[in-house]
Amino acid sequence: MASIVMDVMKTALDWVPGALNAPFARAVLFGVPIGGHYVVEALLVVVILFLLLQKSYKPPKKPLTEREVDELCEDWVPESLIPPITEEMNYEPPILESAAGPHTVIKGKEVVNFASANYLGLIGHEKLIESCTDALDKYGVGSCGPRGFYGTIDVHLDCESKIAKFLGTPDSILYSYGISTMFSAIPAFCKKGDIIVVDDGVHWGIQNGLHLSRSTIVYFKHNDMQSLESTLEKITRENKRASKMRRYIVVEALYQNSGKLAPLDVIIRLKEKYRFRVLLDESNSFGVLGESGRGLTEHFGVPVGKIDIITAAMGNALATCGGFCTGSVRVVDHQRLSSSGYVFSASLPPYLATAANTAIDLLEENPVLITKLRKNVALLWRGLAEIPGLSIASDPLSPLVYLKLKNSTGSFKKDSQLLQDIADHALNKDSVLVVASKRSTLDKCGLAAGIRLFVSAAHSESDLLKAAESLKRASELLLAGYN
Amino acid sequence: MITIPYTTALTTLFSYGLLFAFGQLRDLFRKFVEWWSSSNLHGYAPICLGLEDFYVRRLYLRIQDCFGRPIASAPDAWIDVVERYSNDYNKTLKRTTNTSKCLNLGSYNYLGFAAADEYCTPRVIESLKRFSPSTCSTRVDGGTTILHTQLEECVARFVGKPAAIVTGMGYVTNSAILPVLIGKGGLIISDSLNHNSIVNGARGSGATVRVFQHNTPSHLEEVLREQIAEGQPRTRRPWKKIIVVVEGIYSMEGELCKLPEIITVCKKYKAYTYLDEAHSIGAVGKTGRGVCELLGVDTADVDIMMGTFTKSFGSCGGYIAASKEVIEYLKYTCPAHLYATSISPPAAQQILSSIQVILGEDGSSRGAQKLARIRENSNFFRSELQKMGFEVLGDNDSPVMPIMLYNPAKIPAFSRECLKRNVAVVTVAFPATPLLLARARICISASHTREDLIKGLEVISQVGDLVGIKYFPAEPKKQQEEGRVKLE
């Protein structure tokens, strides 16, 4: 037995050097003879094959059993739907017992109203009421359908062409609510991959639109043109593909959150230099700025065609509801099928479209309303000139007069509480209704709180002086400790 | 779940393929022309990217005249449709001064409050004179009139919840309130066919959104179990809260929500429920209180009830009804309350008066009659349509009844032929429905008389034969269900 093994071993040992010395094994690589490499290679191949044929390691998968899922579901404790209600959330707004004109009634007492953006004093205007009454008789209240499905009433189309004609744009489109105008129009044009450069003081409607568009959002400092220029420069320089993307600048003509005026001449210069499109929200400036109330473009003498998209809410100067967007035919037509707030919402009640129609007529017939408004703003400015503890932050032309604290307490909440106290004092003691700015937890705007006074062309001189005096007294009393 | 016959699916796909091919061909020529007349907008990316509006340019424009037909009257049972013409192959439509009187089967005028009403209109005009068309102010500033507070109390009472908040637009109600209730770390489970405003609200909230199969409580349960067990993606933390969003009546399907089952599932898994009653409030239920009343669900079990006033009440705006605390919180921080112009006072008055009529507080039984009429009308019309062999979607009692058309060419054919015979119907295509499932949608109103409905049925039957959309034999049989592709 052993001899057989010995024999086999001997033959094998004899064979190995033989195999190694075999002629085919003596390969020469770069002049170096290599012996027996085939054997090594064959072994390696075998090992590789062996390893390849092995099952790869996978950690054992154990899905949750039904019982475990049951337990998890049982254990899960959701948060409550809303955070606990605190004292500060309890705010009762003043309740008006008559129209929100320059004078209104609260708790049976007549007060001077500075809380309504009734810039041209059209609330309660005879002609407006008359045209609305006719419209209500003819069309009823609601339109009972979106624009696509028999919700288009002839007055909507009339109103659209009237706005376009008034502003000198090719076409315009009506929305049924002011705040939905911007947050529908922006996502209709801006998609993922586009760049939007936007002022950091814009109102929530625009912020929401930006969020829904999923574009790249870059903020610049509130109304700071140097900041805008450096932002544009940076984007154009850093981004090689910038010329292939759609680029927009979004600004408000008259900022709702500060009363500041956007310097459109500079914006146009920058826009043309860096080739950005401009979206301008004229909610507070339409019917107010410019010789004939055509807004910021008229005020700066900029041709309206240079602005690509203009939006505005009609709940301010026009004293109705809803909003509109205007621009080239292409811009407007694109929205008719792509703008969600237009396609998927019932249209503006026809009587409100009629009201807008009439309001524009009134504005065209009475340009004196605008001069009266401007005079009133100047009057209020003079009245508020030396108000203790507060300073006017808004533009001298803005009918939205924005008073902010000279020395902020450092927190928006405290500031606005302080200002609210002043407003309450003015209402209770002097029957002057002014409002302190309030901010939603969703709002990302970081501008300072303030008292907002909406000046109207319908305010009389004594109203304005009364408001100024009242605010002076209230701030003297309540801000004594803060200066 | 809509099933589509094999042959119809094939022909529909073929039609869209053809349209697409021709569209591409025309776009090719367009490119040359545009390149030739080089635009002065050098350095700007085009404002509408090529494929973004391909659908509009090459498909929608061809049948543009079927949509957005202007009317020159109140959207009542009969409307004056303004005639339009086109000189450039439907690219632009011009209005004429001619109108034709048509039977209105398109407006959401469920209870017939759209036209002047003997009780509502005088009150609306009175409040117009007293309050003007607008307050020009937000609710928290100077935009709350006594009408607004009355309205909120009235709505809360009508819906059966402790408190309510009203906004000036239904779309905004959804899209501005969902972000207040839920944010990052939260989960929204939404029905797959929910309205765009809910989709936008959910997207705007920053919460994760999951979808469950349309109106399928069992799938909802599946999704809930899976999500609760797995928690948030990546971080694996448990969800902060889960809101399930459903609609009362689905506007494009006419189906009633399976609310009792969904409520049971939500209660079991501690999810909050958000019910959008845009089409059901006022239209269904014995006293018009919506699906909760119709299906016997206690309103206390629904956490948030949302609805709009544009449909049954013939006004505008929307509401949220919930517990006192939730409403107080919404009033503190909801952007629609803080930043938007308050609802127009006459519109608020219209809602108040119409609810009074519905509840019989006007001293007549008109409200009850209207409710009985809408139910009778809807069920009559639906059963007649089914008898004729149309493929009608939706449930009994629902005033919305879609008729399936499928083929793209049948959309304009149906709409134009009906209009020729003085019946105004709504056809719905791609952005609002899936591409293959184009349909016509009938909305029945309480203001339709029996004669109106019979005329409507006659015309629809005629046109149905002409266009070939009676997909079922006149006497529907069960076997038809077999041999069809299931399509979502």
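Structural data are supplied above this passage.
Everything quoted here is computed from the prediction, not taken from an experiment. (Residues numbered from 1 in each chain as written. Chains lettered and ligands numbered in written order. Predicted model: local features only at pLDDT ≥ 70, side-chain atom pairs only at ≥ 80, totals over all residues. Heavy atoms only, no water.)

Colleague: Sorry, what's going on with the pairing of strand S10 (residues 318–322) of chain B here?
Modeller: All names here are of chain B. Among the five residues in S10, five count as buried, and that is most of the element. Residue alternation in S10 divides its side chains into two sets, Gly 318, Ile 320 and Ala 322 and Tyr 319 and Ala 321, and both sets are buried. Direction of pairing for strand S4 (residues 163–167) relative to S10: antiparallel, over a ladder of five bridges. Bridge pairing in S10 places Ile 165 opposite Ile 320. As judged from the four bridges shared by strand S9 (residues 304–308) and S10, these two strands associate in the antiparallel manner. Across the sheet, Met 305 pairs through a bridge with Ala 321, a residue of S10. (Buried < 20%, exposed > 50% of the residue type's maximum accessible area, 1.4 Å probe, protein only. Helix = DSSP H or I, 4+ residues; strand = E, 2+ residues; numbered from the N terminus. Pairing = 2+ DSSP bridges.)

Colleague: Whenever I open this one, the pattern of salt bridges confuses me. Can you help?
Modeller: In a structure, side chains of opposite charge can pair up when their charged atoms sit close to one another. With the rule as written, the count across this model stands at 36 salt bridges over all chains. Residue A:Lys162 pairs with A:Asp361 through a salt bridge whose shortest N-O separation is 2.8 Å. Taken as a pair, A:Lys162 in helix H6 (residues 154–167) and A:Asp361 in helix H14 (residues 350–365) lie far apart in primary sequence, 199 residues in all. Residue A:Lys162 is classed as partly exposed on the basis of its relative accessible area, which comes to 24%. Here B:Arg57 and B:Asp27 are joined by a salt bridge, their closest N and O atoms 2.6 Å apart. Of this pair, B:Arg57 sits in helix H2 (residues 54–60) while B:Asp27 is found in helix H1 (residues 6–36), placing the two residues 30 residues apart along the sequence. Taking the relative accessible area as the measure of exposure, B:Arg57 reaches 13% and is therefore buried. Put simply, A:Arg147, A:Glu160, A:Asp333 and A:Arg336 are held in one network by salt bridges that share partners. (Salt bridge = Lys/Arg side-chain N within 4 Å of Asp/Glu carboxyl O.)

Colleague: Help me out: how do you make sense of the interface of chain B and chain A in this one?
Modeller: Put simply, an interface is often sized by how much accessible area is lost when its parts join up. Each partner contributes to the interface: chain B provides 113 residues, whereas chain A provides 110 residues. A buried area of about 9,600 Å², summed over both sides, lies between chain B and chain A, and 63% of it is on carbon and sulfur atoms. Across the chain B-chain A interface, the total number found is five salt bridges. Of the charged contacts in the structure, one is a salt bridge between B:Arg95 and A:Asp158, with a shortest N-O distance of 2.9 Å. Taken together, the residues that form the side of chain B that touches chain A break down as 62 nonpolar, 32 polar and 19 charged. (Contact = heavy atoms within 4.5 Å. Buried area = accessible area lost by both parts, 1.4 Å probe. Nonpolar A, V, L, I, M, F, W, Y, C, P; charged D, E, K, R; others polar.)

Colleague: Would you explain the packing of helix H7 (residues 178–189) of chain A against helix H12 (residues 329–338) of chain A in this entry?
Modeller: When two helices pack together, their arrangement is given by the angle between the helix axes and the distance between those axes. Residue and element names in this part refer to chain A. For the pair H7 and H12, interaxial distance at closest approach is 10 Å and the crossing angle is 100 degrees. Of the possible angle classes, the one that applies to H7 and H12 is roughly perpendicular. From H7, Ala 185, Ala 188 and Phe 189 reach across to H12, where they touch Val 331, His 334, Gln 335 and Ser 338. (Axes fitted to C-alpha atoms, helices over the stretch in contact; angles between N-to-C directions. Parallel < 35°, antiparallel > 145°, perpendicular 65-115°, else oblique.)

Colleague: Which parts of the structure should I look at to understand the sheet that holds strand S4 (residues 109–113) of chain A?
Modeller: With respect to topology, three strands assemble into an open sheet ordered S3-S4-S14 (chain A), the strand pairing being mixed. Sheet topology places strand S3 (103–106) and strand S14 (432–433) of chain A at the edges, where each strand pairs with a single neighbour.

Colleague: Honestly, the environment of B:Ile71 in this entry has me stumped. Any pointers?
Modeller: Within the secondary structure, B:Ile71 is located in the loop between H2 and strand S2 (78–85). Other than its neighbours up to four places away in sequence, B:Ile71 contacts A:Tyr150, A:Thr152, A:Ile153, A:Asp154, B:Ile79, B:Asp80, B:Val81 and B:Val82.

Take it as geometry only, folks, not as evidence of what the structure does.
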